[in-house]
Amino acid sequence: MVKFMLQAEKKILMKRGSKKMQTKIINKIYFLSVFMLTLTGFGQMPIFKRYYVADIPGLGWLAEFYITHYLHYLTAVIFLGLSAYAVIDYFLSGKKRRLKITTSGYVKVFILSGLIITGILLVLKNFEGYLFSPGIITLLDIIHLVLVMVLLAVSLLTLVLKKRWITQNIDE
Amino acid sequence: MIKKLSRRSFIKFGTAAVCSVAAASVPAQGFASGREEHIATMLDISKCIGCGECVDACSEVNGGKYPNPEKPFPKMYPSRVKVEDWSDKKDVSDRLTPYNWLFIQYADVKINGEERELSIPRRCMHCVNPPCVKLCPWGAAEQLQNGISRLNPDLCLGGSKCNEVCPWDVPQRQTGTGLYLNILPSIAGNGVMYKCDRCYDRIKNGKEPACIEACPENVQTIGPRDEIIEKAYKLARETGGYVYGDKENGGTNTIYVSPVPFAELNKAIKTGKGMPDLKPEPNRMASAENLTKAMFFAPLAGVAAAVGKIYASGRKKDSDEKGK
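### Some words on the side chain of Thr175 of chain B
Residue and element names in this part refer to chain B. Relative to the helices and strands, Thr175 resides in the loop between strand E6 (172-174) and strand E7 (192-194). Using a relative accessible area of 0% as the deciding quantity, one classes Thr175 as buried. One polar contact links the side chain of Thr175 to the main-chain amide nitrogen of Glu84, over a distance of 2.7 Å. A distance of 2.9 Å separates the side chain of Thr175 from the side chain of Asn190, its partner in a polar contact. Those residues in contact with Thr175 that lie beyond four places of it in its chain are Pro69, Phe73, Met76, Lys82, Val83, Glu84, Tyr180, Asn190 and Gly191.

What follows is the structure, given as structure tokens:
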């Protein structure tokens, strides 16, 4: 009987451990993809060469616009896949009842949604053909840039204040 | 507690998610490429005598669009940021500058064993999918529905990205003019980029571009892109010539027809800064465009992974309960 209970407990601990590991991996991928998206996104502006960043050994590629453009798209692929996974997992696996999104979490979700929407529209614009008027393109460029700057500020603030995206729902 | 996912809700939610993501990807294939509305020009190189009438006409008609920089220029930081000032070299006509949007390249070649000098008018190729327009970080470059690409001097900050991404080194910078002067001239921007806008304002008023109107030899023909392409290949077939510009960088709206291969012409012309080459240019936007397909499938993969995970954990729970 004791052996059976110990086995069951071990099973639960292992399950918790693997879930924690899974969350850690997802968090790491999210952080890395946002970092790369930000870096390559800023690389769309001619600033890294001007301000010697591309002179740092190993960072010369930051001054190559076609490379940063390609990497921005590539990281967006990972980020979009991860976002879709997180949304579906949150709503379908019961996390919605167990976990509560904090105010800073909602702010981040709002900013990220804006970045995804403007990003998709800008990607569509880059296809051959005329899709948006020049005014709309400038507006999309500015919104995309402002949103990423706000995201950086909010992320820094939540890091300093140790605010989390989610908290355990105390009603459960 | 993990909510148990029934087969019905799994199928219902899964289908809805897949459909909504798939719907988001529709515009990627849904809109027309636009090249069918483009106006293109064909330049028959064998006809050009290098008289320079087109160059003069371009300057005369577009002179009002040339920069009027304010001097002294603001000091720019860091020191590696160089002033690009063409305002004292307005007469330079052997390359592209902010004050010279069209120039003539010369090539000494042999045609049927006979030495001949060919003249090639060079200006913006007006790519079908122009990297200068698509990759400008401010939307300061625009492509008109008729395929003309132009740089907006009121918005351009002179970062010169358009020049770097242009396969032909076409846009040229003038320091000391434009919007950057009103923002942070010392630390951001460096003037305005200039290039041929194929007389978009004249075309809007039903006129021909100045270079075409002024040419005494009728070197250039202008018309709908598909007709111009057809004419170019017909001319090449009839004269045993070669075509450049139809496939380069994924297609352009400037099509050259030459009596000698372009590889030979490219060796014979002087190339360098502001002097475009005639190399076979691959489509610069293609690699990112190919990746876009993956970008629209990525959310589907994410949805599938999440749904799969939840379904698998639901099944495991079922079997655990049965086991008990």
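What follows picks up the thread again.
### Re the interface of chain B and chain A
Contacts between chain B and chain A engage 60 residues on the former and 47 residues on the latter. The interface formed by chain B and chain A contains 3 salt bridges. Arg80 of chain B serves as the salt-bridge partner of Asp55 of chain A, at 2.3 Å between the closest nitrogen and oxygen. Connecting chain B to chain A are 18 residue pairs in polar contact (both at pLDDT 80 or more). With 17 residues, helix H9 (residues 286-323) of chain B is the largest single contributor of residues to the side of chain B that touches chain A. Across the side of chain B that touches chain A, the residue classes tally to 37 nonpolar, 13 polar and 10 charged.

### With respect to the nonpolar core
Residues and elements named next belong to chain B. Formed by 49 residues in total, the largest nonpolar core has its most connected members in Ile120, Tyr256 and Leu265. When residues in this core are grouped by element, the largest group, 5 residues, is from strand E2 (residues 103-111). Here Leu265 is in contact with Ile45, Ala107, Val109, Leu118, Ile120, Ser258, Val260 and Leu278, once residues within four sequence places are set aside.

### Considering the domain arrangement of chain A
Residue and element names in this part refer to chain A. Per the domain assignment, the segments making up chain A are domain 1 (1-75) and domain 2 (94-172). For the pair domain 1 and domain 2, the two sides together bury roughly 610 Å², of which 70% comes from carbon and sulfur. Ranking the residues of domain 1 by area buried against domain 2 places Tyr30, Phe42 and Tyr73 at the top, with a combined share of 58%. Taken together, domain 1 and domain 2 are joined by 0 salt bridges. Among the secondary structure elements, those contributing two or more residues to the side of domain 1 that touches domain 2 are helix H1 (2-42) and helix H2 (65-92).

### Here we look at helix H5 (residues 134-160) of chain A
All names here are of chain A. Helix length check: H5 (27 residues) gives 39 Å between terminal C-alpha atoms against 39 Å at 1.5 Å per residue, within 8%. Considered for burial, the residues of H5 that qualify are Ile137, Thr138, Leu140, Asp141, His144, Leu147, Val148, Leu151, Val154 and Thr158. Among the residues trailing H5, Lys162 stands out with phi positive, at a value near 55°.

### Quick look at the pairing of strand E10 (residues 254-258) of chain B
Residue and element names in this part refer to chain B. Taken across its 5 residues, E10 has 5 buried, putting it largely inside the fold. Along E10, one buried face is formed by Thr254, Tyr256 and Ser258 and the opposite face, lined by Ile255 and Val257, is buried too. In the sheet, strand E1 (residues 39-44) pairs with E10 via 4 bridges, with the strands oriented parallel. Each residue of the ladder has a partner; that of Leu43, found in E10, is Tyr256. Pairing of strand E9 (residues 242-244) with E10, which is carried by 3 bridges, proceeds in the antiparallel orientation. Counterpart to Tyr244 in the pairing with E10 is Tyr256.

### Some points on the packing of helix H4 (residues 103-125) of chain A against H5 of chain A
Residue and element names in this part refer to chain A. Packing of H4 against H5 leaves a shortest axis separation of 9 Å and a crossing angle of 150°. With respect to H5, the element H4 is oriented roughly antiparallel. Seen along the crossing, H4 lies across H5 with a hand that is left-handed. In this structure, H4 uses Ser104, Val107, Lys108, Ile111, Leu112, Gly114, Leu115, Thr118, Gly119, Leu121, Leu122 and Lys125 to contact H5, whose residues at the interface are Ile137, Leu140, Asp141, Ile143, His144, Leu147, Val148, Val150, Leu151, Val154, Ser155 and Thr158. Each residue belonging to the contact of H4 with H5 can be placed in one class, and the counts come to 14 nonpolar, 7 polar and 3 charged.

### Some words on the packing of aromatic side chains
On inspection of all chains with the given rule, the structure shows 5 aromatic pairs over all chains. For the ring pair Tyr30 of chain A and Phe79 of chain A, a centre distance of 6.2 Å and an interplane angle of 35° mean the geometry is tilted. Residue Tyr30 of chain A is found in helix H1, and its partner Phe79 of chain A is found in helix H2; the two are separated by 49 residues along the sequence. For Phe79 of chain A, a relative accessible area of 7% corresponds to the buried category. Considering the side-chain rings of Tyr90 of chain A and Phe91 of chain A, the 5.2 Å spacing of their centres and the 80° angle between planes classify their relative orientation as edge-to-face. Exposure remark for Tyr90 of chain A: the relative accessible area of 16% places this residue in the buried category. Note on Phe91 of chain A: relative accessible area 42%, which makes it partly exposed. Pairwise contacts between aromatic rings join Tyr66, Tyr99 and Trp101 of chain B into one cluster. The ring of Tyr52 of chain A is capped by Arg80 of chain B, whose NZ or CZ atom sits 4.0 Å from the centre of that ring. Its guanidinium or amino end placed over the ring of Trp86 of chain B, Lys89 of chain B lies 4.4 Å from that ring's centre, counting from NZ or CZ.

### Some thoughts on the confidence of the model for chain B
Residues with a pLDDT of 70 or more make up 89% of chain B, whose mean pLDDT is 90. In the model output, the complex is listed with pTM 0.87 alongside ipTM 0.86.

### Structural notes on the packing of H2 of chain A against H4 of chain A
Residue and element names in this part refer to chain A. Between H2 and H4, the shortest axis-to-axis distance is 12 Å and the interhelical angle comes to 135°. Comparing the axis directions of H2 and H4 gives the class oblique. Here the hand of the crossing between H2 and H4 comes out left-handed. From H2, Tyr73, Phe79, Leu80 and Ser83 reach across to H4, where they touch Leu112, Ile116 and Val123. When grouped by side-chain class, the residues that make up the contact of H2 with H4 number 6 nonpolar, 1 polar and no charged.

### Considerations on unusual backbone geometry
Residues and elements named next belong to chain B. Omega for the bond connecting Lys71 with Pro72 falls within 30 degrees of zero, at 0°, which places this linkage in the cis form. Within the secondary structure, Pro72 sits in the loop between helix H2 (53-62) and E2. Between Tyr77 and Pro78 the backbone carries a cis peptide bond, its omega angle lying at -10°. In this structure, Pro78 sits in the loop between H2 and E2. Although it is not a glycine, Ser160 sits at a positive phi angle of roughly 65°.

Scoring rules and cut-offs
The residue numbering used here restarts from 1 in each chain and proceeds along that chain's sequence as written. For this description, chains carry letters from A and ligands carry numbers from 1, given in the order in which they are written. Reporting in this predicted model follows two pLDDT cut-offs: at least 70 for local features of residues, and 80 or more for side-chain atom pairs to be given and counted; totals over whole chains, interfaces and linings ignore these cut-offs and use all residues. Calculation of side-chain values draws on the structure's entire complement of heavy atoms; hydrogens and water are dropped beforehand. Secondary structure is summarised from DSSP: a helix means a run of H or I of at least four residues, a strand means a run of E of at least two, and numbering begins at the N terminus for each. The classification of residues rests on relative accessible area computed with a 1.4 Å probe and restricted to protein chains. Under 20% of the type maximum is buried, over 50% is exposed, and intermediate values are partly exposed. Any pair of N or O atoms that falls within 3.5 Å is considered a polar contact. Within protein, one atom must be able to donate a hydrogen and the other to accept it, and sequence-neighbouring residues count only if both atoms are side-chain atoms. We call two residues in contact whenever any of their non-hydrogen atoms come within 4.5 Å of each other. The rule for a salt bridge is simple: a side-chain nitrogen of Lys or Arg has to be within 4 Å of a carboxyl oxygen of Asp or Glu. Ten residue types, Ala, Val, Leu, Ile, Met, Phe, Trp, Tyr, Cys and Pro, are classed as nonpolar, four, Asp, Glu, Lys and Arg, as charged, and the remainder, Gly among them, as polar. By nonpolar core is meant a set of buried Ala, Val, Leu, Ile, Met, Phe, Trp, Tyr and Cys residues that side-chain atoms within 4.5 Å join together. What fixes the domain bounds is an automatic or database domain assignment. By definition, the buried area sums, over both parts, the 1.4 Å-probe accessible area that each loses when the two are put together. How far a helix is expected to stretch is found by multiplying one less than its residue total by 1.5 Å. At least two bridges found by DSSP between two strands is the condition for calling them paired. For every element, the axis is a line fit to its C-alpha atoms; helices are fit only across the contacting stretch, and the angle between N-to-C directions ranges from 0 to 180 degrees. For classification purposes, an angle smaller than 35 degrees is called roughly parallel, one larger than 145 roughly antiparallel, one from 65 to 115 roughly perpendicular, and anything else oblique. What makes a crossing left-handed is the near helix being turned counterclockwise from the far one by less than a right angle; a clockwise turn instead makes it right-handed. Only rings of Phe, Tyr and Trp enter the pairing, Trp through its six-membered ring, and a pair is recorded when the two centres are within 6.5 Å. The plane angle decides the type: under 30 degrees is stacked, over 60 is edge-to-face, the rest tilted. Look at NZ for Lys and CZ for Arg. If either is within 6 Å of the ring centre and within 35 degrees of the ring normal, a charge sits over the ring. Scored between 0 and 100, pLDDT is the confidence that the predictor attaches to each residue.

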